[in-house]
Amino acid sequence: GESVGLHLPTLSVQEGDNSIINCAYSNSASDYFIWYKQESGKGPQFIIDIRSNMDKRQGQRVTVLLNKTVKHLSLQIAATQPGDSAVYFCAEFREYGNKLVFGAGTILRVKS
Amino acid sequence: SAVISQKPSRDICQRGTSLTIQCQVDSQVTMMFWYRQQPGQSLTLIATANQGSEATYESGFVIDKFPISRPNLTFSTLTVSNMSPEDSSIYLCSVEDPQEQGSSPYGYTFGSGTRLTVV
């Protein structure tokens, strides 16, 4: 199987429950944040993003919350489905160098 | 968003050899990026490759080990040179491209990666 995620924290949820995945970022100057989903054998796929002038943004079944005071991001997934099982990464955009910096990642396992 | 094709998708290589990974994009993009994802780890940026200029490497990565070419706006290669088992990782190409979803006009699209095992 995939070795990605071997050392990453795991969140196990029951199908239909809500999931909350947390991420701490490091640079208070970062002004743009993205959540990615990485399935086995694939590259990261965009889920939702948020700019630093916002504290909440909603998409379809997903919500991102940003707390700049403590440099914390969370991704909430409503009514989690088996297809949501993947590794989730937050990434912060650093304008200096024009690059993304990825957080540690969390494995989400959905139990049917 | 852009569609990225990476080749090879996986390879098993002998230590001491080199492997060149190709990244082809279906549209012209200014900025291309190469990442490494070691087993059980997150993504780490290796370098930024812009057409017409030398690649910019991140701390801990050097051109002699990871030479990069960017001959045009749709293509780039990353070579992993003189490989050792510690180079076993997934290598991913990414581009900055216009996006319709999201709160920013530009986003970052990733290829499926090249899974490299060095024996």
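The rules behind the values
What you see as residue numbers is a count from 1 along each chain, following the sequence as written. Chain labels run from A onward and ligand labels from 1 onward, assigned in the order the entries are written. Per-residue local features are limited, in this predicted model, to residues with pLDDT of at least 70; the limit for side-chain atom pairs, both in listing and counting, is 80 or more; totals at the level of whole chains, interfaces and linings are taken over all residues. Side-chain numbers here rest on the full set of heavy atoms in the structure, without hydrogens or water. Numbering goes from the N terminus for both helices and strands, where a helix is a DSSP run of H or I of at least four residues and a strand is a run of E of at least two. Relative accessibility under 20% of the residue-type maximum defines a buried residue, over 50% an exposed one, and the middle range a partly exposed one, all with a 1.4 Å probe and only protein chains included. By the convention used here, residues are in contact when the closest approach between their heavy atoms is within 4.5 Å. Where accessible areas are quoted, they stem from the Shrake-Rupley method and a 1.4 Å probe; at the residue level, only the protein chains shown are allowed to cover. Neither His nor the chain ends is counted toward charge; the positive residues are Lys and Arg and the negative residues Asp and Glu. Where a charge sits is defined by one atom per residue type, namely NZ (Lys), CZ (Arg), CG (Asp) or CD (Glu). Strand pairing requires that DSSP identify at least two bridges connecting the strands. Every angle, taken between N-to-C directions, lies between 0 and 180 degrees, and every axis is a line fitted to C-alpha atoms, over only the stretch in contact when it is a helix. Pairing of aromatic side chains requires ring centres within 6.5 Å, counting the rings of Phe and Tyr and the six-membered ring of Trp. Pairs whose planes differ by under 30 degrees are stacked, by over 60 edge-to-face, and all others tilted.

### Quick word on the overall build of chain B
Within chain B one finds 0 helices and 11 strands. In chain B, the succession of helices and strands from N to C terminus is β-β-β-β-β-β-β-β-β-β-β. Principal-axis analysis of the C-alpha atoms gives chain B an extent of 45 × 30 × 25 Å. Per-residue burial for chain B yields a buried fraction of 52% across its 119 residues. Pairs at least 24 residues apart make up 53% of the contacts formed inside chain B by residues separated by at least 6 positions. Total accessible area computed for chain B in this model is approximately 5,500 Å², and 47% of it derives from carbon and sulfur atoms. Here chain B contributes 7 positively and 10 negatively charged side chains, and the mean placements of these two sets differ by 10 Å.

### Overview of the environment of B:P98
Residue and element names in this part refer to chain B. Within the element layout of this structure, P98 appears in strand β9 (residues 89-98). You can call P98 exposed: its relative accessible area is 55%. For the pair P98 and F75, spaced 23 residues apart in sequence, the C-alpha separation works out to 17 Å. Excluding residues that lie within four positions of it along the chain, P98 makes contacts with S1, P105 and Y106.

### Considerations on the sheet that holds strand β1 (residues 4-7) of chain B
To summarise the sheet geometry, strands pair through backbone hydrogen bonds and adopt either a parallel or an antiparallel arrangement. Residues and elements named next belong to chain B. Pairing within the open sheet is antiparallel, and its 4 strands lie in the order β1-β3-β8-β7. On the outer flanks of this sheet lie β1 and β7 (68-72), each paired with one strand and no other. Adjacent strand axes in the sheet meet at a mean angle of 15 degrees, parallel and antiparallel pairs treated alike. With 6 bridges connecting them, strand β3 (residues 19-25) and strand β8 (residues 75-80) associate as antiparallel partners. Paired with I21 across the bridge in β8 is L78.

### Here we look at the packing of aromatic side chains
The full count for this structure, using the stated rule, is 12 aromatic pairs over all chains. Ring centres 6.4 Å apart and planes at 70 degrees place the aromatic pair A:Y32 and A:F93 in the edge-to-face group. Remark: A:F93 occurs in strand β8 (residues 86-94) and A:Y32 occurs in strand β3 (residues 32-38); sequence separation between them is 61 residues. Across this residue pair, the class does not change: A:Y32 and A:F93 are buried. Look at B:F61 and B:F66: their rings are 5.6 Å apart centre to centre, the planes differ by 65 degrees, and that puts the pair in the edge-to-face class. By the burial criterion, B:F61 is buried, and B:F66 matches it. Ring pairing ties together the aromatic residues A:Y36, A:F89, A:F102, B:Y35 and B:F110, which thus form one cluster.

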